[in-house]
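# Coordinates in review
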Amino acid sequence: MKIDVNFGVCESNGLCVGAAPEVFDLDDDDNLHLLRDTVTPEIEEEVRDAVRQCPRRAISIED
């Protein structure tokens, strides 16, 4: 599974970073970055939490 972020919709509010800090990161300018784009079993629940918490629905998981 792959993580997809619609950066045109993303507000970089950081909720995803709180849910899955090993996957998402905000730089000093509040730009969101993916640290990895593949969902592994070890991080799947955290990534799903990040998807659910995103207020703009900018994050999705593709099979």
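Please read all numbers here as calculations on a predicted model, not as lab measurements.

### Description of the pattern of salt bridges
In this structure the tally under the stated criterion is 5 salt bridges. In this structure, Arg48 and Glu44 form a salt bridge, with 3.0 Å as the shortest nitrogen-oxygen distance. Separated by 4 residues within a single helix, Arg48 and Glu44 lie in helix α2 (residues 44-53), roughly one turn from each other. Overall, Arg48 belongs to the partly exposed group, its relative accessible area being 30%. A relative accessible area of 26% means that Glu44 is categorised as partly exposed. Where Asp49 meets Arg52, a salt bridge forms, and the shortest distance between an N and an O atom there is 2.3 Å. Of this pair, Asp49 and Arg52 both sit in helix α2, separated by 3 residues, roughly a single helical turn. Taking relative accessible area as the criterion, Asp49 reaches 26% and is therefore assigned partly exposed. A network of salt bridges, in which partner residues are shared, links Glu45, Asp49 and Arg52.

### As for the side chain of Ser12
Its location among the elements puts Ser12 in the loop between β1 (2-5) and α1 (15-19). Judged by its relative accessible area of 18%, Ser12 falls in the buried class. Here Asp30 takes part through its backbone oxygen, which lies 3.0 Å from a polar atom of the side chain of Ser12.

### What about the nonpolar core?
Ile3, Val5, Cys16, Val23, Phe24, Val47 and Ile59 are the most contacted members of the largest nonpolar core, which has 15 residues in total. Mapped by element, the contributors of at least two residues to this core are β1, α1 and α2. Residues within four places of Cys16 in sequence aside, it is in contact with Pro21, Phe24, Leu32, Ala50 and Ile59.

### Digging into the environment of Ala19
Examined against the element boundaries, Ala19 turns out to sit in helix α1. Each C-alpha atom of the pair Ala19 and Asn6 lies 18 Å from the other, and the pair is 13 residues apart in sequence. Other than its neighbours up to four places away in sequence, Ala19 contacts Glu46, Asp49, Ala50 and Gln53.

Basis of the calculations
Residues numbered from 1 in each chain as written. Predicted model: local features only at pLDDT ≥ 70, side-chain atom pairs only at ≥ 80, totals over all residues. Heavy atoms only, no water. Salt bridge = Lys/Arg side-chain N within 4 Å of Asp/Glu carboxyl O. Helix = DSSP H or I, 4+ residues; strand = E, 2+ residues; numbered from the N terminus. Buried < 20%, exposed > 50% of the residue type's maximum accessible area, 1.4 Å probe, protein only. Polar contact = N/O pair within 3.5 Å; in protein donor to acceptor, adjacent residues only side chain to side chain. Core = buried A, V, L, I, M, F, W, Y, C linked by side-chain atoms within 4.5 Å. Contact = heavy atoms within 4.5 Å.

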